[in-house]
Amino acid sequence: MLIGEFGQRTGLSQDTIRFYVRKGLLTPQLGAKGGRNPYQIFTDRDASTVRMIRFAQSLGLPLKEIAEIATELQREGLSPAREIEIMDVQLVRLEQKATELAELTNYLRAKRDWVACGKPGDEPRFTDDTLCLTSTVAGFR
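For the structure given in this document, a descriptive report is provided here. (Residues numbered from 1 in each chain as written. Predicted model: local features only at pLDDT ≥ 70, side-chain atom pairs only at ≥ 80, totals over all residues. Heavy atoms only, no water.)

### Examining the overall build of the protein
Secondary structure assignment for the protein yields six helices and two strands. Going from N to C terminus, the protein has its helices and strands arranged as α-α-β-β-α-α-α-α. Intrachain contacts of the protein at a sequence separation of at least 6 include 47% that bridge at least 24 residues. Of the roughly 10100 Å² of accessible surface on the protein, a fraction of 54% belongs to carbon and sulfur atoms. (Helix = DSSP H or I, 4+ residues; strand = E, 2+ residues; numbered from the N terminus. Contact = heavy atoms within 4.5 Å. Areas by Shrake-Rupley, 256 points an atom, 1.4 Å probe, with all protein chains shown as cover.)

### A word on helix 3 (residues 44–58)
One full turn of an α-helix is made of 3.6 residues, so residues set three or four places apart face in the same direction. The end-to-end C-alpha distance of helix 3, which contains 15 residues, comes to 21 Å, matching closely the 21 Å that a straight helix rising 1.5 Å per residue would cover. Here helix 3 has its buried residues at Asp46, Ala47, Val50, Ile53 and Ala56. Contact partners of the buried residues in helix 3: helix 1 (3–10), helix 2 (14–22), strand 2 (40–41) and helix 4 (63–76). One or two positions beyond helix 3, positive phi appears at Gly60, with a value near 95°. (Expected span 1.5 Å × (residues − 1). Buried < 20%, exposed > 50% of the residue type's maximum accessible area, 1.4 Å probe, protein only.)

Following this line, the structure appears as structure tokens:
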């Protein structure tokens, strides 16, 4: 399928698809049509790759790391030990994010309750450590 159909099928814009191709995340086949700029032909495997990329991103894996893992996978494959290593690193990241989100949730609940009760006493505050952790998660940086 050509880039337009592939974009519709995967939900990606053509710019994003081209970006993924430039970064080596997708490797479409080159068609005979198109002259000096042959058409890129995407396959069902490319669509599966996009689902894997989106899933990895949703877990917080940066595109650079996804590209490195994809290159490693294409070159020599991933051993079970390497797969476990990758998952262990990601589990640590997710657990850290879960902790940060729990701290942010607790703060917001305390602040909401404080406002709902007419703002009695001292306003709930972040600790310095909590503010640094949660501001990244909440997008404040």
